[in-house]
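Here are the chains, one letter per residue:
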Amino acid sequence: MSRKRILFDTDPGVDDAMALLLALASPEIEVIGVTTVFGNSTIAATTRNALNLLHFAERADIPVARGAARPMVLPLQRTAEHVHGDDAMGNIGWHDVLDPNLKPIEVPAAQFIAETIMAHPGAITLLAVGPLTNLALALQLEPRIVQAVREVVIMGGSVSMPGNVSPVAEANIHADPHAAAMVFNAGFPLTMVGLDVTMQVKMDDNDFARLRAAGRFGKFVAQIAPFYQEAHRRRYGYPNGQIDTHDPSAMAYVIDPTLFEGEHWSVVVATEGPAQGMTIADRRRRFLDTPPVNCLMRVDAPRVAQLIVERLASV
Ligand code: BDR
Ligand code: CA
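Okay, so let's go over this structure. Per chain, residues are indexed from 1 in the order of the written sequence. As they are written, the chains are lettered A onward and the ligands numbered 1 onward, keeping that order. Whole-chain, interface and lining totals are the exception, using all residues; otherwise, since this is a predicted model, local features are given only for residues with pLDDT of at least 70 and side-chain atom pairs are given and counted only at 80 or more. Neither water nor hydrogens contribute to the side-chain values; these are computed over all heavy atoms in the structure.

## Considerations on the coordination of the calcium ion (ligand 2)
Geometry sets the ideal angles at a metal, namely 109.5 degrees for four tetrahedral donors and 90 or 180 degrees for six octahedral donors.
Consideration 1: Around the calcium ion (ligand 2), the protein contributes the donor atoms Asp 11 (OD), Asp 16 (OD), Asp 16 (OD), Val 129 (O) and Asp 247 (OD), which lie 2.3 to 2.7 Å from the metal centre.
Consideration 2: Here a donor is an N, O or S atom found within 2.8 Å of the metal, or within 3.2 Å if the metal is Na, K or Ca; sites may look incomplete because water is not among the atoms. Donor residues for the calcium ion (ligand 2), ordered by position in the chain, follow D-x4-D-x112-V-x117-D. Here Val 129 lies in the loop between strand S4 (124–128) and helix H5 (133–141) and Asp 11 lies in the loop between strand S1 (4–10) and helix H1 (14–24), a separation of 118 residues in the sequence.
Consideration 3: With a 1.4 Å probe rolled over the protein chains alone, any residue whose accessible area is under 20% of its type maximum counts as buried; one over 50% counts as exposed, and the rest are partly exposed. Residue Asp 11 is classed as buried on the basis of its relative accessible area, which comes to 1%. Runs of H or I in DSSP of at least four residues are treated as helices and runs of E of at least two as strands, each being numbered from the N terminus.

So, in structure tokens, the structure goes:
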């Protein structure tokens, strides 16, 4: 089996951490680099967490490139420590790098993304699970990545679900709507793993109990989860420690796309006002002429949840 080579662009983040560990536990995937972005916390915190996660996973050989500290046009509006904890890792006390030798590479994320994609034409899947700033900056640096990338998969946006940071916007798109607009307009072979599917795939106390009794990855995920579970209970009233599995579901799509079904629609992003960050899909295929995006709308939720839990329990 040839493994999919992925660049993982992320703002870790509890669910980002789950997605990264899921990738490292999956034989279908080879993570060739991690790029960081502001989002769930500051760029300093998300970069520290990426370095610490790879150290914990004994994969410090995977390069980490530090990325954008703020959106392209707007000022930095909000980070999400209220959802992910003060350390953005469920308050496990990750306030420093675990090993002083852990450092990001010299090259900034956007340049690393552009150079890596151009060095391996047709081979790289870019999975972005944070604000899309690094990818938009990479596009400005090297527009030919649109043709050279194998596939771009993003966790973000929504076609039919209400927003999670405003009535209409999902957090990653809302955080840098100008970057998202550039990415949606560019013509990438693009799949949007939005709230339409990620809020269908739940994990709950039973899953975390199973992970707690499993190996290193499982135990770690069970350790970082409680704060995130409590945030879901407060925000949505979910019972039984349920969470939405945003970023791990996007990784599950990269691992096994047959678990999902999408529709190809043009999508535009509102960049300002009360609709900031809204992803507007032309479901009648009549009104917009921007490049079609594979918007995932259906998911075999039990099988995706099972994939996530079994893989995380396996290491
Ligand atoms: C997205 O926002 C972040 O808080 C999560 O990590 C996920 O990428 C969900 O809207
Ligand atoms: Ca994220």
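## Remarks on the nonpolar core
Consideration 1: If you look at the biggest cluster of nonpolar residues, it comprises 67 residues, and the most contacted ones within it are Phe 8, Leu 21, Leu 24, Val 31, Val 34, Met 251 and Phe 260.
Consideration 2: Throughout, a residue-residue contact means that at least one pair of heavy atoms, one from each residue, lies within 4.5 Å. Look past the residues within four positions of Met 251 in its chain and what remains in contact with it is Ile 6, Phe 8, Ala 19, Leu 22, Ala 23 and Leu 127.
Consideration 3: Among the nonpolar cores identified, the runner-up in size contains 40 residues, and Leu 7, Ile 154, Ala 179 and Met 192 belong to it. In this text, buried Ala, Val, Leu, Ile, Met, Phe, Trp, Tyr and Cys residues form a nonpolar core when linked through side-chain atoms within 4.5 Å.

## Overview of the sheet that holds strand S6 (residues 190–193)
Sheet strands pair by backbone hydrogen bonding; their relative direction is either parallel or antiparallel.
Consideration 1: With mixed pairing, the nine strands of this open sheet are ordered in space as S3-S2-S1-S4-S5-S6-S11-S9-S10. In this open sheet, the two edge strands, each paired with only one partner strand, are strand S3 (64–65) and strand S10 (279–281).
Consideration 2: With three bridges connecting them, strand S9 (residues 260–269) and S10 associate as antiparallel partners. Among the inter-strand pairings, Val 269 is bridged to a residue of S10, identified as Thr 279. In this analysis, strands are considered paired if DSSP registers two or more bridges between them.

## So, the site of ligand 1
Consideration 1: Whether a residue is near a molecule or strand depends on its heavy atoms: it is near if one of them lies within 4 Å of it. Inspection of the region around ligand 1 gives Asp 15, Asp 16, Asn 40, His 84, Val 129, Met 155, Asn 164, Glu 170, Ala 171, Asn 172, His 246 and Asp 247 as its neighbouring residues.
Consideration 2: In this structure, an oxygen atom belonging to ligand 1 sits 2.9 Å away from a side-chain N or O atom of Asp 16.
Consideration 3: A distance of 2.9 Å separates an oxygen atom of ligand 1 from a polar atom in the backbone of Val 129.
Consideration 4: Values of accessible area rely on a 1.4 Å probe in the Shrake-Rupley scheme; residue burial ignores everything except the protein chains shown. In the complex, the protein chains occlude 94% of the 280 Å² of accessible area that ligand 1 would expose alone.
Consideration 5: Structurally, ligand 1 is housed in the largest cavity.
Consideration 6: Broken down by secondary-structure element, the contributors of at least two residues to the shell around ligand 1 are H1, helix H7 (171–175) and helix H12 (246–255).
Consideration 7: Each residue is assigned to one class: nonpolar for Ala, Val, Leu, Ile, Met, Phe, Trp, Tyr, Cys and Pro, charged for Asp, Glu, Lys and Arg, and polar for all the others, Gly among them. Its residues assigned to classes, the shell around ligand 1 comprises three nonpolar, five polar and four charged. In protein, a polar contact requires one atom able to donate a hydrogen and another able to accept it; more generally it is a pair of N or O atoms within 3.5 Å, and residues adjacent in sequence count only if both atoms are side-chain atoms. Space inside and on the surface of the protein is sampled on a 1 Å grid over the protein atoms alone, with a cavity defined as a set of points where a 1.4 Å probe fits but cannot get out and a pocket as an open set with protein on both sides within 12 Å along at least 5 of 7 lines; lining residues have an atom within 4 Å of a point. Put plainly, a molecule is in a cavity or pocket when over half of its atoms are within 2 Å of the grid points there.

## A short note on the pairing of strand S5 (residues 151–155)
Consideration 1: Counted residue by residue, S5 has five buried out of five residues, so it is predominantly covered.
Consideration 2: Every second residue of S5 is oriented toward a common face, with Glu 151, Val 153 and Met 155 on one face and Val 152 and Ile 154 on the other, all of them buried.

## Thoughts on helix H8 (residues 177–185)
Consideration 1: For H8, the set of buried residues is Pro 177, Ala 179, Ala 180, Ala 181, Val 183 and Phe 184.
Consideration 2: After H8 finishes, the residue Gly 187 shows a positive phi value of roughly 95°.

## A word on the packing of aromatic side chains
Consideration 1: Aromatic rings from Phe, Tyr and Trp, taking only the six-membered ring of Trp, are treated as a pair when their centres fall within 6.5 Å; an angle between ring planes under 30 degrees marks them as stacked, one over 60 as edge-to-face, and anything in between as tilted. Enumeration over the complete set of coordinates arrives at five aromatic pairs.
Consideration 2: Pairing Tyr 236 with Tyr 238 gives two aromatic rings, centres 5.1 Å apart and planes at 25°, and the pair type is stacked.
Consideration 3: Residue classification places Tyr 236 among the partly exposed residues on the basis of a relative accessible area of 30%.
Consideration 4: Taking the relative accessible area as the measure of exposure, Tyr 238 reaches 13% and is therefore buried.
Consideration 5: Through successive ring pairs, a cluster of aromatic residues spans Phe 56, Trp 94, Phe 217 and Phe 220.
Consideration 6: The ring of Phe 56 carries Arg 216 above its face, with NZ or CZ at 4.5 Å from the centroid. In our convention, an over-ring charge means Lys NZ or Arg CZ found within 6 Å of a ring centre and within 35 degrees of that ring's normal.

## A few points about the packing of helix H10 (residues 205–212) against helix H11 (residues 216–236)
Consideration 1: Note on definitions: angles span 0 to 180 degrees between N-to-C directions of axes, and those axes are lines fitted to C-alpha atoms, for helices only across the stretch in contact. Relative to each other, H10 and H11 sit at 145°, their axes nearing to 7 Å. Our pair here, H10 against H11, has a crossing hand that is left-handed. Residue-level inspection shows Asp 205, Phe 208, Leu 211 and Arg 212 of H10 in contact with H11, the latter providing Gly 218, Lys 219, Val 221, Ala 222, Ala 225 and Gln 229.
Consideration 2: Of the residues assigned to the contact of H10 with H11, the class counts are five nonpolar, two polar and three charged. The sense of a crossing depends on the near helix, which, turned anticlockwise from the far helix by less than a right angle, makes the crossing left-handed and, turned clockwise, makes it right-handed.

Geometry only, nothing functional implied.
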